[in-house]
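Chain and residue survey
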Amino acid sequence: MLLSFAVFLLLLLLGMPVVFAIGIGGLVFFLTQPGLQLTMPVQLALAETQNFSLLAIPTFILASNLMNELGVTRRLLRFAHVATGFMRGGLAQVSVLLGFLMGGVSGSAIADATMQARLLGPEMVRRGCSRGFIAALQGFSGLLAVAIPPSIGLILYGSIGQVSIGQLFAGGIGVGVLLAAVYMLTVALLARSRGYLPEAAPPTAKEVGAALREGFFAVLFPFLLLAALRFGVFVPSEVGAAAVVYALLVGLIYRELSLERVNRALAHSVRDVGMVALLIAMAAVLGYGMKWEMFPQQVSAFLLEAVQNPQVALLLILLALLVLGTVLDSTVMIILLTPILVPAAKALGIDLVYFGVLMVMTCAVGLLTPPVGLSMYSVCSVMGCSIGEYVREGWPLLVATLLVLLLVYLFPGVVLFLPRLLFGGGV
């Protein structure tokens, strides 16, 4: 197994696409095990794509793309502008609230950050904001999509780890609200020190009501997901399909439903689903090697023997994830590490909903840090700024993110309050 990991890391360092590095690393394990048939890697890859619990992923991705195409983003932007445009920082505050609202639509941090950079970036430059600050703000605002339902990261963790997706969604909301509040406070402090002014006068109740009515069906989306899962109307694989129908109905209500837009959403979804499905298939090959070598059990035994305190063990895991996130994509980390870390967390007596939300959020921080942060490169490309400028301007937001993760680590109730309220307990 060590040889497989070594091959995987070597291929990554040589610049090979991560999905092929994972697949070849898994194949090396089978080549070094004479007792295993070489037909097994193909069978494992195909079998993993037939996993019924993963059916929620393509349907949620399609629902997200449909809502982006059918006028939802524009209405959410108007509501965010009315609700926060009067604060210091103006469009910077709008970016944070829009990131929070868009999290319930896109489910993807990279897509959210890129969209917001294109949408708000040019106007923020005209208002005097630096390009590095805008890139960092849009990147970290996109991180809110990882916490707010329907987070693709939480769906992956729940599907692979056999943890309630409904409870994970509920737990993510608490983290998302806290993260958005801390980001808004950070932006307010930066805006005061840099002289960024409000964009508009405080809105009237009538203006807020009108903006909320216009974006009502989009804002309602995450809460409908939770209600459907809580009351057993749908299982996770079904609620994604229901979300697609809901997205089409929203487009019909907004009178923006057209064949061209639906085709565009389908094309984007095929690309997104293909990428995730190939990663899952290749990870199944490498994952079988881990199970064959009883790697999850070895990790659990090591943590139980070396670290008696579950909170200390959890802290070590989170620190390791932060370091790994600098060189591995968050989706890859979730797919590869969930089968290893869920048994370890269970053996340590850590609530799997609490652990899952913390794990997924910690993995996602790597999207915004050098050297391989995908969101970081995306927003820097859109805004035309260097990585150095991004890092100089974005470090307060990184500190704010790490502070929120520390608070969630110290106070599990931030995650577990809503799952216990809605579902009667964690996993």
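Residues numbered from 1 in each chain as written. Predicted model: local features only at pLDDT ≥ 70, side-chain atom pairs only at ≥ 80, totals over all residues. Heavy atoms only, no water.

Description of the overall build of the protein chain
Counting secondary structure elements, the protein chain contains 22 helices and 0 strands. Whereas a compact globule of 427 residues would reach a radius of gyration of roughly 22 Å, the protein chain reaches 21 Å, a difference of no more than 12%. Dimensions of the protein chain, computed from C-alpha atoms along their principal axes, come out at roughly 70 × 45 × 45 Å. Long-range pairs, those at least 24 residues apart, make up 79% of the contacts in the protein chain with a sequence separation of at least 6. As displayed, the protein chain has an accessible area near 18000 Å², and 70% of this comes from carbon and sulfur atoms. For the protein chain, the separation between the mean place of its 21 positive charges and that of its 17 negative charges on side chains is 9 Å. (Helix = DSSP H or I, 4+ residues; strand = E, 2+ residues; numbered from the N terminus. Rg over C-alpha atoms; globule rule 2.2 N^0.38 Å. Contact = heavy atoms within 4.5 Å. Areas by Shrake-Rupley, 256 points an atom, 1.4 Å probe, with all protein chains shown as cover. Lys, Arg positive; Asp, Glu negative; His and termini not counted. Charge placed at Lys NZ, Arg CZ, Asp CG, Glu CD.)

Some remarks on the packing of helix α5 (residues 72–84) against helix α12 (residues 205–214)
A pair of packed helices is captured by two measures, namely the crossing angle of their axes and the spacing between those axes. Running from N to C, α5 and α12 point in directions that differ by 160°, and their axes come no closer than 8 Å. On the basis of their axis angle, the class for α5 and α12 is roughly antiparallel. Along this stretch, α5 crosses α12, giving a crossing that reads as left-handed. Taken together, the residues of α12 that come into contact with α5 (itself represented by R75, R78, F79 and V82) are E207, V208, A210, A211, L212 and E214. (Axes fitted to C-alpha atoms, helices over the stretch in contact; angles between N-to-C directions. Parallel < 35°, antiparallel > 145°, perpendicular 65-115°, else oblique. Left-handed = near helix turned anticlockwise from the far one by under 90°.)

Here's the deal with the packing of aromatic side chains
Applying the stated rule across the entire model yields 7 aromatic pairs. Ring geometry for F30 versus Y288: centroids 5.8 Å apart, planes at 20°, classification stacked. Placement of the pair is F30 in helix α2 (residues 18–31) and Y288 in helix α15 (residues 259–292), with a sequence separation of 258 residues. For Y288, a relative accessible area of 22% gives the class partly exposed. Measuring from centroid to centroid gives 5.6 Å for F216 and F217, while their planes differ by 75°, and the two rings are edge-to-face. For F216, a relative accessible area of 39% corresponds to the partly exposed category. Grouping aromatic residues by their ring pairs yields a cluster made of F29, F30, Y288 and W292. Between the NZ or CZ atom of R75 and the centre of the ring of Y254, over which it lies, the distance is 3.9 Å. (Phe/Tyr/Trp six-rings, centres within 6.5 Å; stacked < 30°, edge-to-face > 60°. Buried < 20%, exposed > 50% of the residue type's maximum accessible area, 1.4 Å probe, protein only. Lys NZ or Arg CZ within 6 Å of the ring centre and 35° of its normal.)

Quick look at the environment of H268
Tracing the backbone through its elements, the reader meets H268 in helix α15. With 203 residues separating them along the chain, H268 and N65 place their C-alpha atoms 7.0 Å apart. Excluding residues within four positions of it along the chain, H268 makes contact with N65 and E69.

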